[in-house]
Amino acid sequence: MARSTRDLGKIVAYQIYIKSFCDSDGDGIGDLPGITSKLDYLASLGIDYVWITPFFPSPQRDNGYDVSDYCAVDPVYGTMDDFDELVREARARGLGIMLDMVLCHTSVEHAWFQRALAGDERYQRFYILRDGRGSAGPGDPGEPPSNWQCAFGGSAWQWEPRLGKWYLHMHDVSQPDLDWTNPEVRDALVDVVRSWRDRGVAGFRFDVVNLISKPEVFEDAPGGNGRRVVADGPHVHEYLQELVERAGIGDMLTVGEMASTTLEDCVRYTAPASRELNMVFNFHHLKVDYRGGNKWELMDPDIARLREVFQTWGEGMQAGGGWNALFWCNHDQPRIVSRLGDETVYWKESAKMLAGMIHFMRGTPYIYQGEEIGMLNAHYPSIGQYRDVESLNYYQILLDQGKTEKEALETLAARSRDNSRTPMQWNGERYGGFSEAAPWLPMSARFRKEITVEAQQKDKDSILAFYKKLIAMRKMYPVIAEGEISFLETGTDRVLAYQRKLGEQQIVVFCNLDGEKHTVKADGAWRGDPVLLENYEARQMDPEGETYTMEPYEFMVLGKV
Ligand code: GLC
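Rules of the game
Residues numbered from 1 in each chain as written. Predicted model: local features only at pLDDT ≥ 70, side-chain atom pairs only at ≥ 80, totals over all residues. Heavy atoms only, no water. Near = heavy atom within 4 Å. Polar contact = N/O pair within 3.5 Å; in protein donor to acceptor, adjacent residues only side chain to side chain. Areas by Shrake-Rupley, 256 points an atom, 1.4 Å probe, with all protein chains shown as cover. Nonpolar A, V, L, I, M, F, W, Y, C, P; charged D, E, K, R; others polar. Helix = DSSP H or I, 4+ residues; strand = E, 2+ residues; numbered from the N terminus. Buried < 20%, exposed > 50% of the residue type's maximum accessible area, 1.4 Å probe, protein only. Contact = heavy atoms within 4.5 Å. Phe/Tyr/Trp six-rings, centres within 6.5 Å; stacked < 30°, edge-to-face > 60°. Lys NZ or Arg CZ within 6 Å of the ring centre and 35° of its normal. Pairing = 2+ DSSP bridges. Right-handed = clockwise from strand over helix to strand, strands pointing away.

J.: For this particular structure, what's the right way to read the site of the ligand?
T.: Close contacts around the ligand come from 14 residues, with D62, D207, E257, H331 and D332 the closest. The contact in question runs from an oxygen atom of the ligand to an N or O atom on the side chain of D207, over 2.8 Å. Considered on its own, the ligand offers 300 Å² of accessible surface; in the complex 96% of this is hidden by protein. Here the shell around the ligand is built from residues that sort into 3 nonpolar, 4 polar and 7 charged.

J.: Teacher, can you tell me more about the side chain of K295 here?
T.: Its location among the elements puts K295 in the loop between β9 (279-281) and α11 (303-320). By relative accessible area, K295 is classed as buried at 15%. One polar contact links K295 to E390, side chain to side chain, over a distance of 3.0 Å. Apart from the residues within four sequence positions on either side, K295 is in contact with Y290, D332, E390, R415 and R417.

J.: Got a minute to help me understand the environment of T254 in this structure?
T.: Among the structural elements, T254 can be located in strand β8 (residues 253-257). For T254 and A202, which are 52 residues apart along the polypeptide, the C-alpha to C-alpha distance reads 9.0 Å. When near neighbours in sequence (up to four residues on either side) are disregarded, T254 contacts F204, F206, I249, E276, L277, N278 and M279. A polar atom in the side chain of T254 sits 2.9 Å from the backbone nitrogen of N278.

J.: It is not clear to me how the environment of H169 should be interpreted in this structure. Could you clarify?
T.: Examined against the element boundaries, H169 turns out to sit in the loop between β6 (165-168) and α7 (183-198). For H169, a relative accessible area of 2% gives the class buried. Leaving out residues up to four positions away in the same chain, H169 has contacts with C150, S155, A156, W157, Q158, Q175, P176 and D177. Polar side-chain contacts of H169 include one of 3.3 Å to the backbone oxygen of S155. A distance of 3.3 Å separates the side chain of H169 from the backbone oxygen of D172, its partner in a polar contact.

J.: What's the story with the packing of aromatic side chains in this structure? I'm lost.
T.: Each aromatic ring pair is described using two quantities: the centre-to-centre distance and the angle formed by the ring planes. Under the criterion given, the structure shown has 32 aromatic pairs. A ring pair is formed by W51 and Y366, whose centres lie 6.2 Å apart and whose planes are at 75°; its orientation type is edge-to-face. Of the two residues, W51 is situated in strand β2 (residues 49-52) and Y366 in strand β11 (residues 364-368); the sequence distance between them amounts to 315 residues. Residue classification places W51 among the buried positions, given a relative accessible area of 1%. Judged by centre distance (5.9 Å) and plane angle (50°), the ring pair of Y70 and W112 falls under tilted. Within this pair, whereas Y70 is found in the loop between β2 and α4 (80-92), its partner W112 is found in helix α5 (residues 111-117), the two being separated by 42 residues in sequence. For W112, a relative accessible area of 11% gives the class buried. A connected cluster of aromatic rings, assembled from ring pairs, spans W51, F281, F283, F327 and Y366. Note that K38 overlies the ring of W426, its terminal NZ or CZ placed 4.0 Å from the centroid. Between R115 and the ring centre of Y123, over which it is positioned, the NZ or CZ distance is 5.0 Å.

J.: Help me out: how do you make sense of the pairing of strand β3 (residues 96-101) in this one?
T.: On any regular strand, side chains alternate: one points to one face of the sheet, the next to the other face. With 6 of 6 residues buried, β3 is to be regarded as a mostly interior element. On β3, burial covers both faces: G96, M98 and D100 on one face and I97, L99 and M101 on the other are all buried. In this sheet, β3 lies alongside β2 in parallel orientation, the contact comprising 4 bridges. Looking across to β3, one finds that I52 is bridged to L99. Handedness of the β2-α4-β3 crossover: right-handed. Where β3 and strand β7 (residues 203-206) come together, 4 bridges link them in parallel fashion. Note on β7: the bridge partner recorded for M98 is G203.

Shape is all these values report; function is a separate question.
This is the structure in C-alpha cells:
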C-alpha cells in the first residue's frame, strides 16, 4: 500500500449524510449541489477527505443503503453532472471525495435481483438462496435455514415464492445479501468500484464489508446472532485483496466498516503488507452503554470499559502494524454529547473534551456532520417523527416485549439512528438553513441558535473553533500524526489518560468523562510540560504537585512538541 503511517496520521475526514446536509432545490432533502455549495465551509475546517453516504438510485428503505443501481445518481440528489462538478470543485479546494460502497447486499429493486425473480438462473446465483429446514419439497417453505436474526429485527431469511427458496438478508428484508463466492459477482463489483475511481473520486468507504464472506455451513448461532458467525468470514481477506487490486484502488484512501469484528482481523485488514484497506471502523467502544451487549437495553456508560477498549485497540493495532479510523459519531450512532457528555450546563466543555479525546489518538479521525458544532440527539416526543427502518421495527419489537409506549420512546430517544440524521444546523432559521421547505426528518428538538455554524463561526471559543484547532494541530505536530500511543493509570475510572511519543516529542492527554471533579495522580515524567490545549481557561498543572484536580469534563493536553 502506498500510504505510510505518517500520511494516514495527518489526514482528517468528514462524513456527510447527504439526505440531511444541505438542500439546494427546496424539496426538504439534501443533495449534491447542496454539498458543492458548502465546500468552502468544509475546506475552512482544514479537513482532507469528504465521505458522502450513498446517493445512488434506491427505494430508500434504508436511506440509500439499499442500492438499486450502483453506477448512477438518484434524481432526488441531482445528476451525474452535479457529481462531476462536486468532484472538480472539491479538488480545486484540496478536498478528496470518498464514496460509500454498499457491496454486501443490493436492494430487491436492483436489476440483478429482479432478473433472479424473473427466473434467470445466472442472477439467482448472485444471491444466497437456500431451501427451508424440514421442507417437504418444492413450494413448501418449511422453516428458515438458520436461526439468524437480521440487524433490524426478525429473521435474516425471507421466503420468496417466485424463487421457491429463502434468501439471506443480514439487514432489512429489502436488502438481499450478494454471494461473493460467485466470481461473476466479484467481477461485477470490481467494475462498479473501478468506474467510480475513473470518475475521479479519491477514496472509498466500504459498508459492512467484513460480512461479505459467509461461513461454509449455515448453522444456528447462539442467541440467533448471525452477524457474529458471519463477521470476518473465511475468504474475507482474499476478497478484499482481490477487489483492491483489480479495481486499481491500492493508492486511494480506503476504510472498511467492520461489524462485530476482532482486533486480529482488523490488524490484517489494515497492515500495509496485507494490501487490503488503509483503515477500519470498529464499534466496540460504542457498546459500553449496551446492557448485556444489547443495543435496546439502556445502561449508564461503563467508562472503565471504554478505557479498556481504547487501550486494547489503540495499543493492539499499533503492535500489529494496523491502523484505526477514530470516530464517535456517524449516521448510525446517537450524538456523542448526548451520550457521553452533557447537553446543558457543560455542553461546550463536554463536546470539546470528547472531540479532543479521540483526535489525539493514533489513527485517522472522522468528523460526522454537526459534530463540530456539538449537535444533540433528536429528542422526538412521538413515534410519528421517526423515519429510520430500524427504529420503527424496534419500536414494535419493544412493545411486543411488553414495554410501555413511554419506555419504548425513551429507548429510541437514546438509541435511534435518527438522532444523528436530523438536518444540519447551519443557522438560526426555522429549518436551520438546511432547507426552505419542511425537512424529510424533523429538526432536533434541541436545535437552538448556539448550536449552529453561523453562531459558532463568530465565536473564538466555540466548539467549531476547537475542532479547527484539533485538525490544525494534527497537521502541525508529527507526534500526533505518528507517535506511539500508551494508556496511563490515573487512579480514577472517570478520567482517561494516554501518552503519545515520537523521539523526544511527547504529549499527555487527560479527559474527565464525568460531570464531577476528579483528582488524578500526576506523573514526574511529564509534570511541568506546558499546556498545549485545554477546554477551560488558563488551567495549569503544578509542576511540583503530586495530584491534579480536574474540573467537570475537563480536557487537557500537556507536552513537548
Ligand atoms: C451500515 C450502514 C447502515 C446501513 C447498514 C446496511 O451499517 O452504516 O446505515 O443500514 O450498513 O447497509
